[in-house]
Amino acid sequence: MSKREEQYHSASHCRYLTQYHVIWCPKYRYPVLDNGIDDTLKQALQEACDRYKYTIKALEVMPDHVHILVDCPQTVAPSDIARTLKSTSATKLLSAYPELRRRYARAGTLWSAGYFVNTIGPVSETAIRKYIEEQKEHERQ
């Protein structure tokens, strides 16, 4: 089996590779995802992905937005991935950090309503992974 074929998954009657690059940000794009909150968020996202059988290929938390590249089962809609990751992580962050709860009390939610999602294939996975990993370096410049 070639290296490219090894990355595909099998289900009862299909072979697939379903990967999404998802980006979302806090409400009002406040830069609140730092000072340990970013580490807690990464942990929350990893736990959610483990629970829902998504594989994190790349993850970076910037102060005002989140990039994640996930590999998921073919039956999962991109909107379900965004909803699941945003809701489970918000619950964990708001309970762990009372200052976030106070800051977003009027808004009633940590995350903005929208998100960006892009499907990717094996050719562009490397480019997207590099882009996500270089986000911190780009921010410093």
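Given the structure is predicted, the values throughout are model-derived calculations rather than measurements.

Once that is clear, we can look at the nonpolar core. Ile68, Ile81, Leu85 and Trp111 are the most contacted members of the largest nonpolar core, which totals 29 residues. When residues of this core are traced back to their parent elements, those giving at least two are strand S3 (19-24), helix H2 (37-52), strand S4 (55-62), strand S5 (65-71) and helix H3 (78-96). Sequence-distant contacts of leucine 85, that is, excluding residues within four places in its chain, are made with Trp24, Leu45, Ala48, Cys49, Tyr54 and Ile68. The next biggest cluster of nonpolar side chains, apart from the first, holds five residues, and it includes Ala58, Leu69, Ile128 and Ile132.

With respect to the helices and strands, the residue glutamate 60 is situated in strand S4. In this view, glutamate 60 contacts Lys42, His65, Val66, His67, Ile132, Gln135 and Lys136; residues no more than four positions away in its chain are not counted.

Reading guide: rules and limits
- Chains are numbered independently. Their residues run from 1 in the order of the written sequence.
- With pLDDT at 70 or above as the cut-off, local features in this predicted model cover only qualifying residues; side-chain atom pairs require 80 or more to be listed or tallied, and sums for whole chains, interfaces and linings still use all residues.
- Only hydrogens and water are removed before side-chain values are computed, so all heavy atoms of the structure are retained for them.
- Nonpolar cores were defined as sets of buried Ala, Val, Leu, Ile, Met, Phe, Trp, Tyr and Cys residues, with membership established by side-chain atoms within 4.5 Å.
- Residue burial is assigned from relative accessible area. The probe radius is 1.4 Å, only protein chains are included, and a residue is buried under 20% of its type maximum, exposed over 50%, and partly exposed in between.
- A helix here means a DSSP run of H or I that spans at least four residues, while a strand means a run of E at least two residues long, and both kinds are numbered starting from the N terminus.
- Two residues qualify as a contact provided that any one of their heavy atoms is within 4.5 Å of a heavy atom in the partner residue.

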